[in-house]
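Listed below are the residues making up each chain.
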Amino acid sequence: MTLFGYAIQDLYLWVLIIAAILTAVVLLFGDLLDGIFESVPFLHPVIVLSFFIFLSAIGYVLEWFMNWGSLVILIVSSILSIIFVSLLHIFVLVPIRSAEQSWGYSEEALMGSVGTVIVSIPIDGYGEVMVQWKSGVISKPAVSYDNEALPQGERVLIIEIKDGVFYVSPYETLD
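The two faces of the sheet receive side chains in turn, since in a regular strand these alternate between them. Of the strand pairs in this sheet, strand β3 (residues 114-119) and strand β4 (residues 127-133) are connected by three bridges, and their pairing is antiparallel. Counterpart to V119 in the pairing with β4 is E128. Two elements, β4 and strand β5 (residues 136-144), share seven bridges in a ladder whose sense is antiparallel. Bridged to M130 within β5 is S139. Taken together, β4 and the strand that follows it, β5, pair antiparallel across an intervening segment of two residues.

In this section: the sheet that holds β4. As summarised here, the arrangement of the five strands in space is β3-β4-β5-β7-β6, forming a closed barrel in which the pairing is mixed. Averaged over all pairs of adjacent strands, the angle between strand axes in this sheet comes to 55°, irrespective of strand direction. For β5 and strand β7 (residues 165-170), the ladder comprises three bridges, and the chain directions are parallel. Within β7, the position partnered with A142 by the bridge is F166.

With respect to the helices and strands, the residue S86 is situated in helix α3 (residues 70-98). Spatially, the C-alpha atoms of S86 and I47 are 8.6 Å apart, while their sequence positions differ by 39 residues.

Our next topic: the packing of aromatic side chains. Following the criterion strictly, the structure yields three aromatic pairs and no others. An angle of 70° between the planes, with centres 5.5 Å apart, marks the rings of F51 and F52 as edge-to-face. For F51, a relative accessible area of 22% translates into the label partly exposed. The class for F52 is partly exposed, based on a relative accessible area of 35%.

Before going further, it helps to spend a moment on helix α2 (residues 45-65). Residue pairs spaced three or four apart in an α-helix point in one direction, given the helix's 3.6 residues per turn. Between its first and last C-alpha, α2 extends 30 Å over 21 residues, near the 30 Å set by a 1.5 Å rise per residue. Those residues of α2 not exposed but buried are P45, I47, L49, S50, L55, S56, I58, G59, L62 and E63.

Further remarks concern the pattern of salt bridges. As enumerated under the stated definition, the model contains one salt bridge in all. Ionic pairing is found between E160 and K162, a salt bridge with its closest N-O pair at 4.0 Å.

On to unusual backbone geometry. Of note, the phi angle at N147 is positive, near 60°, even though the residue is not glycine. Note that N147 resides in the loop between β5 and β6 (155-162). You will see that D163, though not glycine, has its phi angle at about 50°, which is positive. Within the secondary structure, D163 sits in the loop between β6 and β7. D163 sits in the exposed class, given a relative accessible area of 81%.

Calculation notes
Residues numbered from 1 in each chain as written. Predicted model: local features only at pLDDT ≥ 70, side-chain atom pairs only at ≥ 80, totals over all residues. Heavy atoms only, no water. Pairing = 2+ DSSP bridges. Helix = DSSP H or I, 4+ residues; strand = E, 2+ residues; numbered from the N terminus. Axes fitted to C-alpha atoms, helices over the stretch in contact; angles between N-to-C directions. Phe/Tyr/Trp six-rings, centres within 6.5 Å; stacked < 30°, edge-to-face > 60°. Buried < 20%, exposed > 50% of the residue type's maximum accessible area, 1.4 Å probe, protein only. Expected span 1.5 Å × (residues − 1). Salt bridge = Lys/Arg side-chain N within 4 Å of Asp/Glu carboxyl O.

Note that all results are geometric; they support no functional claim without further evidence.
Structure (structure tokens):
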């Protein structure tokens, strides 16, 4: 069958190539498009382009190997594409979006945290402080912010961080 003077297999192939190129562009510049498509989640470019990739790939293969009518192949391709895109959305894209929060940390986020001295901090010297964090235990070299000795096991407050070194003061509760 021909459509617009071209064989239907050629049209499926061209749609596949164009959708693949646009998918690569979206992957490279997707952050620029995020604000445009936020209000309608099912029109996200990845979902729409995935639909066209599945539609054209399935249609191309069915046109090549099956002896069905082109309209039947288009309907079957559309149904299978909707199923595949739905599965892709549910099992891949939604978990990726919800996993965008990092379990890592930044040094700025550690400021104001309470830690425990694991290697005593002498006057004008270095020790080590351990902090419990979301991603696990973090230990870094530390010095006393007020230039006083801090024994092992003392709870300390991280005042600032310079060059990966905690500047700490004894932690005092208000009770």
